[in-house]
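So the chains spell out like this:
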Amino acid sequence: MNKFAVSILTLALGYVAQAGLVASYEFDDTLATTLNPLGTAGSLEFREGGSTNAPAAGPVAYSTESVGSFSKRVAAFSDATAQYFKAPHGIAANGGGAYVNLYSIVMDVKITSTGDWVSFFNTNAFNENDGDLFIRPSDDGVGISGLYAGTFPRNAWTRVVITVDTVASQMKTYLDGTLINTNAAGGVDGRWALYSYNDSFANTIDIFGDNDGDNGSGQIDQLAFFDNALSAEDVRLLGSVGTHVGAPVPEPATMIALGLGVAAMLRRRRK
Ligand SMILES: [Ca+2]
Ligand SMILES: [Ca+2]
Ligand SMILES: [Ca+2]
């Protein structure tokens, strides 16, 4: 395939796969972004401890793990010192408010602690209040505000997709592509809205953050932010746990069809 065909193919795949993607992180021995197409996102910070602007945690422990059918570099975090990742997600205000009201978070995680509350994220600027989506210890249900559903598979790599639309007051949680709960999500600019990337007060979300120790232990392979509430079909198209978010490998049939299409187009161009 010549360079022109390759660029067409990359472009076609990129537009399909990355609509709305604002930042991705792969934890491949770095907390820097992997994809940052708008240039608005920043490197993660590894922190620990709830309340007030928590201090930096020690060095991140990276290792190689089997995630789905892939061998991946991953980062560890521990509930012993309430560790979390402060994420400058890069998303602009949307949904008609002053803050980010439409967004999705994709994370490939393995939670290794058991019998504990595990926060997935905290929208608070300084991790000073309760997390905003949890695994609860009694049944490993996922949710918030007393409305929990599903069973989070601890000690297993899991693709978690959280879609938030505060305009519709909906937060949906998908585990490995299956919708397991829909929670109310406040209103525009309310509890589940995020500070925008260019807000002068704060511009981050705390992944696994909680104010008073409701943190889990585990590992994370990748993290990605979208500036819209992904649909169930969007979630399906992201693929299985371990698949690179934003740079998917198409199914062979799709690749062949695209390749044939590009080849046919090139033949036409030469005439
Ligand atoms: Ca808490
Ligand atoms: Ca909160
Ligand atoms: Ca990784």
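Look up a bit, the structure's there.
Our subject in this report is the structure included herewith. Just so we're clear, the structure is a prediction, and the values are computed from it rather than from any experiment.

### Regarding the pattern of salt bridges
When the charged atoms of two side chains lie near each other, side chains of opposite charge can form a pair.
Here is step 1 of the chain: According to the stated counting rule, one finds 10 salt bridges in the structure shown.
Here is step 2 of the chain: Between lysine 72 and aspartate 221 there is a salt bridge, with the nearest N and O atoms lying 2.7 Å from each other. Note that lysine 72 is positioned in strand β4 (residues 70-77) and aspartate 221 in strand β16 (residues 218-226), a separation of 149 residues in sequence.
Here is step 3 of the chain: Classification of lysine 72 as buried rests on a relative accessible area of 6%.
Here is step 4 of the chain: Given the relative accessible area of 0%, aspartate 221 is considered buried.
Here is step 5 of the chain: Within the structure, one salt-bridge network assembled from shared partners comprises Asp116, Asp140 and Arg154.

### Here's the deal with the coordination of the calcium ion (ligand 2)
Here is step 1 of the chain: Around the calcium ion (ligand 2), the protein contributes the donor atoms Asn122 (OD1), Asn129 (OD1), Asp130 (O), Asp132 (OD) and Asp132 (OD), at 2.3 to 2.7 Å from the metal centre.
Here is step 2 of the chain: Of note, the donors binding the calcium ion (ligand 2) are all from one chain and are spaced N-x6-N-D-x1-D.
Here is step 3 of the chain: Since its relative accessible area comes to 0%, asparagine 122 is described here as buried.
Here is step 4 of the chain: Take asparagine 129: its relative accessible area is 35%, and that puts it in the partly exposed class.

### Some remarks on the nonpolar core
Here is step 1 of the chain: Among the nonpolar cores identified, the biggest contains 47 residues, and Phe85, Met107, Phe121 and Ile207 are the most heavily contacted of them.
Here is step 2 of the chain: Counting 10 residues, the second largest nonpolar core, distinct from the first, contains Leu21, Val161, Tyr174 and Phe226.

### What about the pairing of strand β14 (residues 178-183)?
Regular strands place side chains that alternate from one sheet face to the opposite one.
Here is step 1 of the chain: Across five bridges, strand β13 (residues 170-175) lies against β14 in antiparallel orientation. Note on β14: the bridge partner recorded for methionine 171 is asparagine 183.
Here is step 2 of the chain: Here β13 hands over to β14 after two residues, with aspartate 176 in that stretch at a positive phi of 50°.

### Re the coordination of the calcium ion (ligand 1)
Here is step 1 of the chain: Protein coordination of the calcium ion (ligand 1) is provided by Asp130 (OD), Asp210 (OD), Asp210 (OD), Asn211 (OD1), Asp212 (OD) and Asp214 (OD), with donor distances spanning 2.2 to 2.7 Å.
Here is step 2 of the chain: With six donor atoms in place around the calcium ion (ligand 1) and angles of 52 to 163° between them, the coordination shape is irregular.
Here is step 3 of the chain: Look at where the donors of the calcium ion (ligand 1) fall in the sequence and you get D-x79-D-N-D-x1-D. One end of the pair, aspartate 130, is in the loop between β8 (121-122) and β9 (134-135); the other, aspartate 214, is in the loop between β15 (205-207) and β16, with 84 residues separating them in the sequence.

### A few points about the side chain of serine 119
Here is step 1 of the chain: Within the element layout of this structure, serine 119 appears in strand β7 (residues 118-119).
Here is step 2 of the chain: From its side chain, serine 119 meets the backbone oxygen of phenylalanine 121 in a polar contact 3.3 Å long.
Here is step 3 of the chain: In this view, serine 119 contacts Gly131, Asp132, Leu133, Phe134, Phe208, Gly209, Asp210 and Asp214; residues no more than four positions away in its chain are not counted.

### Considering the pairing of β13
Here is step 1 of the chain: Note that strand β12 (residues 158-165) and β13 share six bridges and pair antiparallel. Across the sheet, the residue bridging to valine 164 is methionine 171, located in β13.
Here is step 2 of the chain: Connecting β12 to the antiparallel partner β13 that follows it, the hairpin turn spans four residues, and serine 169 within it adopts a positive phi of roughly 50°.

### With respect to the packing of aromatic side chains
Here is step 1 of the chain: Applying the stated criterion across every chain yields a total of 12 aromatic pairs.
Here is step 2 of the chain: With centroids separated by 6.4 Å and ring planes inclined at 85°, the aromatic side chains of tyrosine 25 and phenylalanine 225 adopt a geometry described as edge-to-face. Here tyrosine 25 is found in strand β1 (residues 21-25), whereas its partner phenylalanine 225 is found in strand β16, with 200 residues between them in sequence. An identical accessibility class is assigned to tyrosine 25 and phenylalanine 225; each is buried.
Here is step 3 of the chain: Both rings, one in phenylalanine 27 and one in phenylalanine 85, keep their centres 5.4 Å apart while their planes meet at 70°; by these two values the pair is edge-to-face. Of this pair, phenylalanine 27 sits in the loop between β1 and β2 (45-48) while phenylalanine 85 sits in strand β5 (residues 83-87), and the two are 58 residues apart along the sequence.
Here is step 4 of the chain: Phenylalanine 27 sits in the buried class, given a relative accessible area of 1%.
Here is step 5 of the chain: Owing to a relative accessible area of 0%, phenylalanine 85 belongs among the buried residues under this scheme.
Here is step 6 of the chain: Site record: aromatic cluster; members linked through ring pairs are Phe27, Phe46, Phe77, Phe85 and Phe208.
Here is step 7 of the chain: Just above the ring of phenylalanine 70 sits the side chain of lysine 72; from NZ or CZ to the centre is 5.9 Å.

Basis of the calculations
- Residues numbered from 1 in each chain as written.
- Chains lettered and ligands numbered in written order.
- Predicted model: local features only at pLDDT ≥ 70, side-chain atom pairs only at ≥ 80, totals over all residues.
- Heavy atoms only, no water.
- Salt bridge = Lys/Arg side-chain N within 4 Å of Asp/Glu carboxyl O.
- Helix = DSSP H or I, 4+ residues; strand = E, 2+ residues; numbered from the N terminus.
- Buried < 20%, exposed > 50% of the residue type's maximum accessible area, 1.4 Å probe, protein only.
- Donors = N, O, S within 2.8 Å, 3.2 Å for Na, K, Ca; no water.
- Core = buried A, V, L, I, M, F, W, Y, C linked by side-chain atoms within 4.5 Å.
- Pairing = 2+ DSSP bridges.
- Tetrahedral: all angles 85-135°; square planar, octahedral: opposite > 155°, others 65-115°.
- Polar contact = N/O pair within 3.5 Å; in protein donor to acceptor, adjacent residues only side chain to side chain.
- Contact = heavy atoms within 4.5 Å.
- Phe/Tyr/Trp six-rings, centres within 6.5 Å; stacked < 30°, edge-to-face > 60°.
- Lys NZ or Arg CZ within 6 Å of the ring centre and 35° of its normal.

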